[in-house]
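Chain residues, written in single-letter form:
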Amino acid sequence: SQLMKKIQVEKQRLRIKAQNNRDKMPAKTRRNLSQKICRLAKQLIDTHQPNSILLYLHMRSEVETSYLLESQLSSDRLVGLPRVEGQNLKIYQIQNPDIQFQSHKWGMKEPNPDQCTSLDSNFLDMILVPGCVFDKFGYRLGYGGGFYDRLLPNCPRALLVGLAFSVQIVDLLPSEDWDYPVDFILTENGVISCFK
């Protein structure tokens, strides 16, 4: 339909704009702001004390998460990372990144299924969600692959936490029925609570 087409065009425009804003940031700035955001994430994790948490490994100019991964691996909770398998994300438990990672064809690292145990997404208590654009109500735009849109409905008990730089936040995104809002968004300027 005409409306659907309009929504897709608008989403793509917002995606490109946010990615450009993020890409333009000097690497040093990005690292500093990422550390700020990861500190907020750590506080939130300490407050909620999840038994299991799904992190993501950043790619390109996303909020850098390596600092957070290190701190969580030294805790006693289950730490999961996603791996793209076909059309879906499969979750694997990570304990030792030195041997449990392999390089993906797009250049980022991902869990090596031969070295890891898979985790059931039903039991995740907290998920850190990457994205291109978020609005203040917790709706997000990913990169268009729909991986998290398919994963999140299978994570009924998880607290959903978006990580983003403030240049990725807009007032309102065009949302569709299948869009799944996050509960919090963490930016370098603080915590945005998205509870309706």
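Residues numbered from 1 in each chain as written. Predicted model: local features only at pLDDT ≥ 70, side-chain atom pairs only at ≥ 80, totals over all residues. Heavy atoms only, no water.

Empty space within the largest pocket amounts to approximately 650 Å³. Lining the largest pocket are 31 residues; nearest its centre among them are Arg140, Tyr143, Gly145, Phe147 and Tyr148. Elements supplying a minimum of two residues to the lining of the largest pocket: α1 (2–24), β2 (78–85), β5 (109–111), β9 (140–141) and α5 (147–151). A per-element tally of the lining of the largest pocket places β2 first, with four residues. Of the residues in the lining of the largest pocket, the class split is 15 nonpolar, five polar and 11 charged. (1 Å grid on protein atoms, 1.4 Å probe; cavity = no way out; pocket = protein on both sides within 12 Å on 5 of 7 lines; lining within 4 Å. Points joined across faces, edges and corners; volume = space filled by probe spheres on them. Helix = DSSP H or I, 4+ residues; strand = E, 2+ residues; numbered from the N terminus. Nonpolar A, V, L, I, M, F, W, Y, C, P; charged D, E, K, R; others polar.)

Right, let's talk about the sheet that holds strand β12 (residues 184–187) for a bit. Ordered by their spatial adjacency, eight strands build an open sheet running β6-β3-β2-β1-β7-β10-β12-β13, and the pairing between neighbours is mixed. Pairing within the sheet leaves two strands with one partner each, and these edge strands are β6 (118–119) and β13 (190–193). Where strand β10 (residues 159–163) meets β12, three bridges bridge the pair, whose relative direction is parallel. Looking at β12, one finds that glycine 162 is bridged to isoleucine 185. Strand contacts of helix α2 (residues 27–48): β1 (52–54), β7 (126–129), β10, β12 and β13, with the helix running at about 145° to β12, the strand carrying the most contacts. (Pairing = 2+ DSSP bridges. Contact = heavy atoms within 4.5 Å. Axes fitted to C-alpha atoms, helices over the stretch in contact; angles between N-to-C directions.)

A full pass over the atoms with the stated rule returns eight salt bridges. The salt bridge partner of arginine 157 is aspartate 125, with a shortest N-O separation of 2.7 Å. In this pair, arginine 157 is assigned in the loop between α5 and β10 and aspartate 125 in the loop between β6 and β7, connecting sequence segments 32 residues apart. Overall, arginine 157 belongs to the partly exposed group, its relative accessible area being 47%. Its salt-bridge partner being aspartate 149, residue arginine 140 comes within 3.8 Å of it at the nearest N-O pair. Taking the relative accessible area as the measure of exposure, aspartate 149 reaches 25% and is therefore partly exposed. (Salt bridge = Lys/Arg side-chain N within 4 Å of Asp/Glu carboxyl O. Buried < 20%, exposed > 50% of the residue type's maximum accessible area, 1.4 Å probe, protein only.)

Ranked by internal contacts, the top residues of the largest apolar core, which has 47 residues, are Leu55, Ile127, Val161, Leu163 and Leu186. Of the residues forming this core, the biggest block, seven residues, is contributed by α2. The contacts of leucine 163, once residues within four sequence positions are left out, are Ile37, Ala41, Tyr56, Val63, Thr65, Leu128, Val129, Phe134 and Leu186. With seven residues, the next largest nonpolar core counts Leu14, Cys132, Leu141 and Leu173 among its residues. (Core = buried A, V, L, I, M, F, W, Y, C linked by side-chain atoms within 4.5 Å.)

This paragraph deals with the packing of aromatic side chains. On inspection of all chains with the given rule, the structure shows zero aromatic pairs. Residue placement shows arginine 60 over the ring face of tyrosine 143; its charged tip is 5.2 Å from the ring centre. Its guanidinium or amino end placed over the ring of phenylalanine 147, arginine 150 lies 5.4 Å from that ring's centre, counting from NZ or CZ. (Phe/Tyr/Trp six-rings, centres within 6.5 Å; stacked < 30°, edge-to-face > 60°. Lys NZ or Arg CZ within 6 Å of the ring centre and 35° of its normal.)

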